[in-house]
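Per-entry structural report
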Amino acid sequence: MNMSTLKESLPESAENNDRVKELKAFEETKSGVKGLVDSGISKIPKIFIRPHDELANESNHVRSNIQVPIIDLRGFKTDDDHRKKIINDLKQASKDCGFFQVLNHGIPLSVLDGMIDGIRRFHEQDAEIKKEFYSRDRIKKVKYASNIDLYRSSAANWRDTLTISLLVSDRVEPDELPEVCRSSTIEYIDQVTKLGELLFELLAEALDLKREHLVAMGCGGGRTFVCHYYPACPEPELTMGTSKHTDPAFLTILLQDQIGGLQVLKNNQWIDVQPLAGSLVVNIGDLLQIISNDEFKSAEHRVVANRVGPRISTACFFTGIVVPPKIYGPIEELITEENPPIYKDFTVSDYISKFFSKAIDKSSLDDFKLQV
Ligand code: OGA
Ligand code: NI
């Protein structure tokens, strides 16, 4: 190393040290972003400010008023023609931007509203009770933390998250769940699990596979619920609610409240996924992109920070079977001479470990590509 590089790197590492110290101090409060807001700050701490080049690049993206497709599931059981149309719409949306909203999905509005209220109650409860759930232990089924990639990202996000993991065990006992949101969460988990199975059936048909193909592969098996709380932000243009990323799952069903802020990237334009009362947002994740051999797209998306809040959302990631380890890879029926496999076989644990070794804005898809 020559002296000039050494000199240049010193101030940067000193700055890094400061950053790590600030991150640790923030972590030790166990009060998350909500704790900062409650303390009355009017400027956001440095650890949340996005790097210069990212902020400068923001203006290169054109804002678009295109909408993601809205798919009405009403009548899919009784009306064969309507079922065909739904499958065709799902296919288009999954190939095109990988995002859509579903209406008449069968989950009562009271269950959706109950879930959002419960998550609000969790994050807004007595700080001392909430602290007991604060953890980054990957094994823990129920935990709360701010920023899953706190120590790996270049800037922290303006968001706290309660995570409920049904990856290893299929059941969560009621008394493992926080009391303030117990019954609403149990009901929601149950209903979303069933909706997931239905969507996997329709998506299998959209891939021209047998209806039960994806369910039989266990795609609806493991689930992780990430229940986000995005407090109002005094300087939203300097930070993000959630950095751009793709989801490390087969499929995601997302419940959002009416505040807005979720955006999906399409042709280099950020499209707002506008809140639609009673609807659920569905998006294709990395694992479905892989097993569909790129037929379906796992699109990049993000959540902008907002002066108005809190915003509440819950994503259910369908992650597939983790235990006992199951090998997944591009589906044989979809492979032809003209369409050779693009990806290696993998286990869900391999994929998730890769995801957790990076900042969320670094996709893992390329790591699972076969060398060409
Ligand atoms: C996620 C996600 C979006 C939202 O948790 O992966 O993209 O609206 N969430 O909170
Ligand atoms: Ni996501």
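This text gives an overview of the structure that appears in the document. (Residues numbered from 1 in each chain as written. Chains lettered and ligands numbered in written order. Predicted model: local features only at pLDDT ≥ 70, side-chain atom pairs only at ≥ 80, totals over all residues. Heavy atoms only, no water.)

With that settled, the discussion passes to the site of ligand 1. The environment of ligand 1 is made up of 13 residues, and the closest members are H228, Y230, H245, R311 and S313. One nitrogen or oxygen atom from the side chain of Y230 is found 2.6 Å from an oxygen atom belonging to ligand 1. Contacts to ligand 1 include R311, whose side-chain N or O atom sits 2.8 Å from an oxygen atom. In isolation ligand 1 exposes 290 Å². Once the protein is present, 95% of that is buried. For the shell around ligand 1, the elements supplying multiple residues, two or more each, are β6 (223-230), β12 (301-304) and β13 (311-318). Sort the elements by how many residues they give to the shell around ligand 1 and β13 lands first, with four residues. Considering only residue class, the shell around ligand 1 consists of seven nonpolar, four polar and two charged. (Near = heavy atom within 4 Å. Polar contact = N/O pair within 3.5 Å; in protein donor to acceptor, adjacent residues only side chain to side chain. Areas by Shrake-Rupley, 256 points an atom, 1.4 Å probe, with all protein chains shown as cover. Helix = DSSP H or I, 4+ residues; strand = E, 2+ residues; numbered from the N terminus. Nonpolar A, V, L, I, M, F, W, Y, C, P; charged D, E, K, R; others polar.)

Our next topic: the coordination of the nickel ion (ligand 2). Coordination of the nickel ion (ligand 2) by the protein is provided by H245 (NE2), D247 (OD) and H301 (NE2), with metal-donor distances spanning 2.1 Å. Sequence positions of the residues that donate to the nickel ion (ligand 2) give the spacing H-x1-D-x53-H. Taken together, the residues span a long stretch of sequence, with H245 in strand β7 (residues 240-245) and H301 in strand β12 at a distance of 56 residues. Accessibility classification places H245 together with H301 in one group, the buried group. (Donors = N, O, S within 2.8 Å, 3.2 Å for Na, K, Ca; no water. Buried < 20%, exposed > 50% of the residue type's maximum accessible area, 1.4 Å probe, protein only.)

Tracing the chain through its elements places S165 in strand β5 (residues 160-166). S165 gets classed as buried once you look at its relative accessible area, which sits at 12%. Of the polar contacts made by the side chain of S165, one reaches the backbone nitrogen of L167; its length is 3.5 Å.

The next subject is the packing of aromatic side chains. As enumerated under the stated definition, the model contains 13 aromatic pairs in all. Through pairs of rings, three or more aromatic residues link up here, namely F250, Y328, F346, Y351 and F368. The ring of Y328 carries K326 above its face, with NZ or CZ at 5.5 Å from the centroid. (Phe/Tyr/Trp six-rings, centres within 6.5 Å; stacked < 30°, edge-to-face > 60°. Lys NZ or Arg CZ within 6 Å of the ring centre and 35° of its normal.)

Without other data, these values stay purely geometric and don't point to any function.
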